[in-house]
Amino acid sequence: MTVTYTAEVATCTGLGCFLHLLGRWRGSIYKLVWRDLLIYLVCYYTLNLIYRLALNEGQQLVFESVVDYCKEYSTLIPLSFVLGFYVNIVMQRWWNQYTAIPRPDSLAVFVSSTVHGQDERGRVMRRTIMRYACLSVSMVFTMISPRVKKRFPTLGHFVEAGLLQPGEKEIMDDLNSKFPKHSKHWLPLVWAASIVTGARKEGRVRDDFAVKTMLDEINKFRSQCGTLLTYDTMSIPLVYTQVVTLAVYTYFVTTLMGHQWIKESKSTVDIYFPVFTTLQFFFYVGWLKVAETLINPFGDDDDDFEVNWMIDRNLQMSYLIVDEMHHDHPELIRDQYWDEVFPFELPYTLASEPFREQHPLPSTANIKVKRDESDLFIPSSLKIDEIQYDDLHSPINFTAKPASLRRSGSSKLSLGRSVSDGMHRVNTVAGRLKRMFSTKDESENKDKENYAGSMAELAQSNQSLHIKPPRPGSMRIADQVIEEVDEQTTITQQKKAEPPHPSVIGLFGPPPPSQPVPVPTTSASPFEFPVIQRPQISKSAPTHETPREMDFIDNISIGSVDADGSDDEFTRLKNLREQERRSR
């Protein structure tokens, strides 16, 4: 069983809490090292007595030369590096094996909350699912732990313990006879999954999501069992373990000669006892013994896991959750702080009063900013000082000035963003005017005519806004505010390919449905097709129909002009939208 000392190191006072642990024997380093240390000291004193009592002067000189050689070259063994790295790997492996041990608590909670039914069959289903889970992990323990194997050497012992039924044992024996090489620890979990799906068919599980939750937990349980078997099968490579073991024992074999006291030694303390040699052996060999103990935590060492206790605990907790506590909870009543919503502070006892703690503060809680340094700093904003528009194809330029040069009464366009001089604007008002009043496929003369007409319309619309008309050949827009839908998007968006032929629908969208057009009540309605008598002639002969007869249907158009010369509804809406756009 693991030796725990957590309660003794909860508080460090005085000279430290670890000093209280040095007197323990069970699970201590003394218990692991004392035999090796005794053998080492016996060998050390044997060589020391031979040197001082049994050898003559010539033989002593040879002995001293061997001592000098071992003392000089024993430092070439990288003992600290090799042993430290190995122990680090073993410690990580030890903790990972503990976290991989499957526990049926989560599965028991899911089974208890999703498999309904207070009758005997519902109770049998819940208990059987959990019994199969406990049986599966117990079978895994028998394959990796010697102490569990001694407790359950055969499947018959599981039957006597109540984890397995006689009929289930016969199925496993038959399967083992057919496939003897593979472990059958997964078979109880397959049976548990079948019970879950059967409960769903019987209506004891209300939805498929609950079935999926239980099946996922069963698969997770099976995966953890497989992980334990993987740790048991795949050990740390043997060559690494051999290197560490040879490094430790070879080093201390050389110290038996290299740390001997000889006549030329300056210190006389080692004549009686090798103090630092003993400490060195104690620490390095103790380090190696730690790795030997923790490399397989399912054995019989003092610090190995309590797997037998885990088997009992798993079955007890599983039955308690799915049977004793199934759909049972205390009465729902108001808590003590119902009216207060939440307590300001829970009470303390007299013994815990000295340990009253304050709310922890963040690391910047004591940083204060001075009053004169807390004012917001507003950078200079972009200001359109002048927009010069020489022709329809020139860009719009911007000029940025500091905020201090602005005037409150200025009507020039200012933006809250700094932009470099000479920046080209895309999709602006001038760009809209250019695309509306010019086309790429027309000739230069037609462009000039359209430009003149558009300038006249622009001057007419500017009169309502009190804007001076531009000079011929150049457009100057200044001292007025240009309102746009989204100024930031207009400045920062990338230039897109312009349509070759812009239209009203492309710019403003389709118009709303027009009012119904009154149908004239004349005797010769254009929608009444007269019957024309045609002579019966050959199909190959040319016809002599008049143009009026041939183009009669094509002349019917919604966008045509009435007889009185007035425009139709579509043209009127188009002109109205153009006027609204120019006014904006």
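Residues numbered from 1 in each chain as written. Predicted model: local features only at pLDDT ≥ 70, side-chain atom pairs only at ≥ 80, totals over all residues. Heavy atoms only, no water.

An unreviewed UniProt entry lists the chain under the name Bestrophin homolog, with Photinus pyralis as the source organism. On record in UniProt, under Function (unreviewed entry), the comment for the chain is "Forms chloride channels." (UniProt positions renumbered as here; feature names shortened; annotations may be inferred.)

Once that is clear, we can look at the overall build of the chain. Check the secondary structure of the chain and you find 19 helices and four strands. Residues counted as buried form 30% of the 584 residues belonging to the chain. Considering only residue pairs separated by 6 or more positions, the chain has 73% of its internal contacts joining residues 24 or more positions apart. When the accessible surface of the chain is totalled, it reaches about 40000 Å², and 59% of it is carbon and sulfur. (Helix = DSSP H or I, 4+ residues; strand = E, 2+ residues; numbered from the N terminus. Buried < 20%, exposed > 50% of the residue type's maximum accessible area, 1.4 Å probe, protein only. Contact = heavy atoms within 4.5 Å. Areas by Shrake-Rupley, 256 points an atom, 1.4 Å probe, with all protein chains shown as cover.)

Attention shifts here to a nonpolar patch on the surface. Together, Val269, Tyr272, Phe273, Val275, Phe276, Leu279 and Phe283 give the surface a local cluster of nonpolar side chains, amounting to about 770 Å² of exposed area. With respect to the secondary-structure elements, Tyr272 resides in the loop between α11 (238-258) and α12 (275-294). By relative accessible area, Tyr272 is classed as exposed at 65%. (Patch = residues over 30% accessible without salt bridge, like charges linked within 9 Å, V, L, I, M, F, W, Y side chains within 5 Å. Salt bridge = Lys/Arg side-chain N within 4 Å of Asp/Glu carboxyl O.)

In terms of nonpolar packing, the biggest core is built from 75 residues, with Val111, Phe141, Phe158, Met172, Leu228, Phe252 and Phe298 touching the most fellow members. Of all the elements, helix α5 (residues 120-144) adds the most residues to this core, at 12 residues. Each of domain 1 (6-14 + 30-96 + 237-261 + 269-295) and domain 2 (101-233) accounts for three or more of the residues forming this core. Residue contacts for Leu228: discarding those within four places in its chain leaves Gln97, Ala100, Ile101, Pro102, Val140, Phe141, Ile144 and Phe298. (Core = buried A, V, L, I, M, F, W, Y, C linked by side-chain atoms within 4.5 Å. Domains from an automatic or database assignment.)

With the rule as written, the count across this model stands at 22 salt bridges. Glu202 is the salt-bridge partner of Arg121, the closest N and O atoms lying 2.7 Å from each other. Placement of Arg121 in helix α5 and of Glu202 in the loop between α9 (187-201) and α10 (208-233) is noted, with a sequence separation of 81 residues between them. A relative accessible area of 47% places Arg121 in the partly exposed class.

In the numbering used here, UniProt assigns the feature "transmembrane region" (unreviewed entry) to residues 37-55, 75-95, 129-148, 238-257 and 269-287. Along residues 37-55, the helical share is 95% and the strand share 0%, with 26 Å between the first and last C-alpha atoms. With 81% helix and 0% strand, residues 75-95 has end C-alpha atoms that lie 33 Å from one another.

Remark: helix α4 (residues 105-114) packs on α5, axes separated minimally by 10 Å, with the N-to-C direction vectors making an angle of 165°. Looking at the two axes, α4 sits roughly antiparallel to α5. The two elements α4 and α5 meet at a crossing, and its hand is right-handed. Taken together, the residues of α5 that come into contact with α4 (itself represented by Leu107, Ala108, Val111 and Ser112) are Arg126, Ile129, Met130 and Ala133. Here the contact of α4 with α5 is built from residues that sort into six nonpolar, one polar and one charged. (Axes fitted to C-alpha atoms, helices over the stretch in contact; angles between N-to-C directions. Parallel < 35°, antiparallel > 145°, perpendicular 65-115°, else oblique. Left-handed = near helix turned anticlockwise from the far one by under 90°. Nonpolar A, V, L, I, M, F, W, Y, C, P; charged D, E, K, R; others polar.)

Another aspect to go through is the packing of aromatic side chains. Using the criterion set out here, one finds 22 aromatic pairs in the structure. Considering the side-chain rings of Tyr44 and Tyr45, the 5.8 Å spacing of their centres and the 85° angle between planes classify their relative orientation as edge-to-face. We classify Tyr44 as buried; its relative accessible area is 0%. Looking at Tyr45, the relative accessible area reads 26%, which means it is partly exposed. Between the aromatic rings of Tyr251 and Phe252, the centroid separation amounts to 5.2 Å while the plane-to-plane angle is 85°, which identifies the pairing as edge-to-face. You'll find Tyr251 and Phe252 in the same group, each marked buried. What links up through ring pairs into an aromatic cluster is the set Trp94, Trp95, Tyr98, Phe141, Phe298 and Phe305. Here the basic side chain of Arg103 rests over the ring of Tyr98, its NZ or CZ set 5.2 Å away from the ring centre. The aromatic ring of Tyr319 is capped on one face by Arg127, whose charged end is 3.9 Å from the ring centroid. (Phe/Tyr/Trp six-rings, centres within 6.5 Å; stacked < 30°, edge-to-face > 60°. Lys NZ or Arg CZ within 6 Å of the ring centre and 35° of its normal.)

Its 18 residues give helix α13 (residues 307-324) an end-to-end C-alpha distance of 25 Å, which sits within 8% of 26 Å, the value for a rise of 1.5 Å per residue. Within the span of α13, buried status applies to Val307, Met310, Ile311, Asn314, Leu315, Ser318, Tyr319, Ile321, Val322 and Asp323. Taken end-on, α13 shows its buried residues confined to a sector of 170°, consistent with a single buried face. Exposed and facing more than 90 degrees away from the buried side of α13 are Trp309, Gln316 and Glu324. (Expected span 1.5 Å × (residues − 1). Arc of directions from axis to C-beta.)

Now for α10. Each full turn of the α-helix corresponds to 3.6 residues, which orients residues three or four apart in the same direction. Taking 1.5 Å as the rise per residue, α10 with 26 residues should run 38 Å; its terminal C-alpha atoms sit 37 Å apart, in good agreement. Looking at the buried positions of α10, the neighbouring elements they touch are α3 (79-99), α4, α5 and α9.

The next subject is the environment of Gln515. Within the secondary structure, Gln515 is located in the loop between α17 (504-508) and α18 (547-550). Here the alpha-carbon distance between Gln515 and Phe570, two residues 55 residues apart in the chain, equals 9.9 Å.

A word on unusual backbone geometry. Unusually for a residue other than glycine, His327 sits at a positive phi of about 50°. Looking at the element boundaries, His327 is found in the loop between α13 and β1 (382-383). At Val341, a position not held by glycine, the phi torsion is positive, near 70°. Summarising the element assignment, Val341 is placed in the loop between α13 and β1. Under the relative-accessibility criterion, Val341 is labelled exposed at 66%.

Let us look at the packing of α5 against α10. Running from amino to carboxyl end, α5 crosses α10 at an angle of 5°, the nearest separation of the two axes being 10 Å. Classified by the angle between their axes, α5 and α10 sit roughly parallel to one another. Note on element contacts: α10 touches α5 through Phe221, Cys225, Leu228, Leu229 and Asp232, opposite Ala133, Ser136, Val137, Val140, Phe141, Met143 and Ile144. Counted by class, the contact of α5 with α10 contains 10 nonpolar, one polar and one charged residues.

Let's shift gears to the confidence of the model for the chain. Scored by pLDDT, the chain has a mean of 77; 69% of the residues are at 70 or more. Mean pLDDT across the elements of the chain ranges from a minimum in strand β3 (residues 414-415), with 40, to a maximum in α9, with 96. Within the model, pLDDT remains below 50 along residues 439-443, and this stretch shows five contacts once partners closer than five positions in the same chain are excluded. (pLDDT = per-residue confidence, 0-100.)

A word on the side chain of Gln260. Here Gln260 lies in the loop between α11 and α12. Of note is the side chain of Gln260, whose polar atom sits 3.1 Å from the backbone oxygen of Tyr44. A polar contact is formed between the side chain of Gln260 and the backbone oxygen of Leu256, at a distance of 2.7 Å. Here Gln260 is in contact with Tyr44, Leu47, Asn48, Phe63, Val67, Thr255 and Ser265, once residues within four sequence places are set aside. (Polar contact = N/O pair within 3.5 Å; in protein donor to acceptor, adjacent residues only side chain to side chain.)

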